[in-house]
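Understanding the architecture of this molecule
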There are 2 protein chains.
Amino acid sequence: MENLYVIKIGGNIVDDPTLLTSCLQAFAQVKGHAILIHGGGKLATSLATSMGVEQKMVDGRRITDEATLKIVTMVYAGYINKNIVAQLQAKGVDAIGLTGADGNLIKAHQRINAGIDFGFVGDIDTINTDLLIELLSKNRRLVIAPITHDGKGQLLNTNADTIAQSIATALSGTYQVHLIYGFEKEGVLMEIQDPSSIVLRMDRPLYDSLKAQKIIVDGMIPKLDNAFKALEHGVQSVIIGKAEKMNELINGTAGTTIQL
Amino acid sequence: MENLYVIKIGGNIVDDPTLLTSCLQAFAQVKGHAILIHGGGKLATSLATSMGVEQKMVDGRRITDEATLKIVTMVYAGYINKNIVAQLQAKGVDAIGLTGADGNLIKAHQRINAGIDFGFVGDIDTINTDLLIELLSKNRRLVIAPITHDGKGQLLNTNADTIAQSIATALSGTYQVHLIYGFEKEGVLMEIQDPSSIVLRMDRPLYDSLKAQKIIVDGMIPKLDNAFKALEHGVQSVIIGKAEKMNELINGTAGTTIQL
């Protein structure tokens, strides 16, 4: 099977032009097929502020009301996605930018939650693997914005980490899939402020133990849950680490390697 | 050769949800291949106002400065394009939304004009017909936002009428191409306020005569120049008419038919 790299970069990478350019350079140099999934970043928040749209938070989680959905669709699917595509084209990479609505790539349903109404947030139902394989087969690279649709005309805001995991998993029968999460830390850290405390390899028992000890908390939990889910469903390798070191993450010489 | 309908809808159609839905319904029912090119509409202007970005006009023409480019990229490539794609998917049409940067679909250069600096406005150099043919061959329909790129990482704001003409022309060797411009008037009118004064068929001599008499003025001139250019380069038919009557425009029973 051919190699496929599914690379997710977070919002803080998108916010930093120098860092974004260096990540795109690494993405351009990948040997094999490659898909980039990008997060949002501060632009959506600053646009909301300048438009007078209040960010609604419930229990520390953002609610995607209609005005916020409009903003994230504009920022993620428009500004960020198309600027990344144009930058990749300038590097000689034949990139195509997509949302989950395009070609019915990612069908989702609006999240049902008895406790909190998250608004227009989508949980993924299906990935159109035929479309991905068809586009990849022409040596194109894909850039995916974290916007999905419900098949009834409604766009939905969807977690980019989960999109990366779902796409990696869906393609694991066709390619040797390597899933990489690039973010602001060196990897999984024993001491959150100390980059040298990186856990080089983490398996499920270690993860459970570190969660129980509250060493792994907050946003790392869904990220690592996604990592283990991917491995359990056929993804070859998952690495989580600092986006600045994208080349090393791709080569497997930086970050935390997640294993079963 | 198979039929291909290249349909352009202007900004005022995009601004009117009922009218947009009826145009998309007609687009969904087209027999043959179909490409939709959409304009911008008032959302970009209202977003600019709410963000405090001043619209710069020189000699009645809008200047695309950096802030304006950011806004049109968000609105055209993000909000409008993806909502149209999601609506078409809901109608069972396998639509993919693209800008000129995606797959290097439309390469352009920043307009050089000794008199006025239009800013980030692109004039088209090349259309990637291979990509269009490849995507159309899978019975997909394409939705194109009027944003192009220069191949060096710069996005550019580009006239949607001209994109429609360029794509229609570029594909005229492969398909029987029918180019339709849907806008707010019945077609070319002898009296601008009187819909019944429609010119049913217009050839080049009549166009030249009506231009000389100042009956055809302003925005109709570049639109008709595009129409004649398309016909001169192999496009089968060009019809200009009221977007409300999209079905009739497609069937050739409404609007002004342009002929050589």
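Residues numbered from 1 in each chain as written. Chains lettered and ligands numbered in written order. Predicted model: local features only at pLDDT ≥ 70, side-chain atom pairs only at ≥ 80, totals over all residues.

Moving on: the overall build of chain A. If you tally the helices and strands in chain A, you get nine helices and 14 strands. Here the C-alpha radius of gyration of chain A, 18 Å, is about what a compact globule of 260 residues would show, namely 18 Å. The principal-axis extents of the C-alpha atoms in chain A amount to approximately 45 × 45 × 35 Å. Across the 260 residues in chain A, those meeting the buried criterion constitute 53%. Taking all contacts inside chain A whose residues are at least 6 apart in sequence as the whole, residues at least 24 apart take part in 70%. (Helix = DSSP H or I, 4+ residues; strand = E, 2+ residues; numbered from the N terminus. Rg over C-alpha atoms; globule rule 2.2 N^0.38 Å. Buried ≥ 20, exposed ≤ 12 C-beta atoms within 10 Å, placed from the backbone. Contact = placed C-beta atoms within 7 Å.)

Contacts between chain A and chain B engage 32 residues on the former and 32 residues on the latter. Those elements giving two or more residues to the side of chain A that touches chain B turn out to be α3 (42-51), α4 (66-90), β5 (95-98) and β9 (147-149) of chain A. In terms of residue count, the dominant contributor to the side of chain A that touches chain B is α4 of chain A (14 residues). Residues belonging to the side of chain A that touches chain B are distributed by class as follows: 12 nonpolar, 14 polar and six charged. (Nonpolar A, V, L, I, M, F, W, Y, C, P; charged D, E, K, R; others polar.)

With phi around 60°, N139 of chain A is a residue other than glycine that occupies positive phi space. Position of N139 of chain A relative to the elements: it lies in the loop between α5 (129-136) and β8 (141-144). For N139 of chain A, a count of 9 C-beta atoms within 10 Å corresponds to the exposed category. Backbone geometry places D218 of chain B, a non-glycine residue, at a positive phi of 55°. Looking at the secondary structure, you find D218 of chain B in the loop between α7 (204-212) and α8 (220-232).

All right, on to helix α2 (residues 17-29) of chain A then. Residues and elements named next belong to chain A. Between its terminal C-alpha atoms α2 stretches 18 Å, which fits the 18 Å expected from 13 residues at 1.5 Å a residue. Along α2, the residues that are buried comprise L20, C23, L24, A26 and F27. The buried residues of α2 occupy one face: seen down the axis, they fall within an arc of 160°. Buried residues in α2 make contact with β1 (3-9), α1 (11-14), β2 (33-38), α4, β11 (176-183) and α9 (246-251). (Expected span 1.5 Å × (residues − 1). Arc of directions from axis to C-beta.)

For the rest of this paragraph, the subject is the pairing of β11 of chain A. All names here are of chain A. Counted residue by residue, β11 has seven buried out of eight residues, so it is predominantly covered. Across seven bridges, β1 lies against β11 in parallel orientation. Bridging from a neighbouring strand, V6 pairs with L179 of β11. Of the strand pairs in this sheet, β11 and strand β13 (residues 237-242) are connected by six bridges, and their pairing is parallel. Of the residues in β13, the one forming a bridge with I180 is I239. (Pairing = 2+ DSSP bridges.)

This part takes up the confidence of the model for chain A. Predicted confidence across chain A gives a mean pLDDT of 95, with 100% of residues reaching 70 or more. For this predicted complex, the interface score ipTM comes out at 0.96, while the overall pTM is 0.97. (pLDDT = per-residue confidence, 0-100.)

Quick look at the relation of the copies chain A and chain B now. The two chain copies are related to each other by a rotation about an axis together with a translation along it. The two copies are related by a screw motion: chain A maps onto chain B through a turn of 180° and a shift of 0.0 Å along the axis, at an RMSD of 0.0 Å. As the rotation angle and translation indicate, the two copies are arranged about a two-fold axis. Minimal C-alpha distance to the rotation axis in chain A is attained by G78 of chain A, lying at 1.8 Å. Counting the interface residues of chain A, we find that 100% of their copies in chain B are interface residues as well, pointing to one common contact surface. (Least-squares fit on C-alpha atoms with pLDDT ≥ 70 in both.)

Spatially, the eight strands line up as an open sheet ordered β5-β8-β2-β1-β11-β13-β14-β12 (chain A), and their pairing is mixed. Of all the strands in the sheet, the pair left with one neighbour each is β5 and β12 (201-202) of chain A.

Strand order in this open sheet of eight strands is β5-β8-β2-β1-β11-β13-β14-β12 (chain B), and the pairing throughout is mixed. The sheet is open, and its two edges are formed by β5 (95-98) and β12 (201-202) of chain B, each paired on a single side.

Let us look at the environment of L43 of chain A. Residue and element names in this part refer to chain A. In this fold, L43 is placed in helix α3. Sequence-wise, L43 and I71 are 28 residues apart; in three dimensions their C-alpha atoms are separated by 9.4 Å. Setting aside its immediate chain neighbours within four residues, L43 contacts V75 and Y79.

Before going further, it helps to spend a moment on the packing of helix α6 (residues 160-170) of chain B against α8 of chain B. Residues and elements named next belong to chain B. The interhelical angle for the contact between α6 and α8, taken along N-to-C directions, is 5°, at an axis separation of 9 Å. The orientation of α6 relative to α8 falls into the category roughly parallel. Judged by residue contacts, D161, T162, Q165, A168 and T169 of α6 engage P222, K223, N226, K229 and A230 from α8. (Axes fitted to C-alpha atoms, helices over the stretch in contact; angles between N-to-C directions. Parallel < 35°, antiparallel > 145°, perpendicular 65-115°, else oblique.)

Residues and elements named next belong to chain A. With their axes 10 Å apart at the nearest point, α2 and α4 run at an angle of 55° to one another. Taken as axis vectors, α2 and α4 run oblique relative to one another. Read as a crossing pair, α2 and α4 show a hand that is right-handed. Across the interface between the two elements, T21, L24 and A28 from α2 touch I84, Q87 and L88 from α4. (Left-handed = near helix turned anticlockwise from the far one by under 90°.)

Residues and elements named next belong to chain A. Where burial is concerned, the two faces of β5 agree: the one with A95 and G97 and the one with I96 and L98 are both buried. Across four bridges, β5 lies against β8 in parallel orientation. In the strand pairing of β8, I96 is matched with L142.

Right, let's get into the environment of A77 of chain B. With respect to the helices and strands, the residue A77 of chain B is situated in helix α4 (residues 66-90). Residue A77 of chain B is classed as buried on the basis of its C-beta count, with 30 C-beta atoms lying within 10 Å. C-alpha separation for the pair A77 of chain B and V143 of chain B, spaced 66 residues apart in sequence, amounts to 9.9 Å. Residues within four places of A77 of chain B in sequence aside, it is in contact with G78 and K82 of chain A together with T99, A145 and I147 of chain B.

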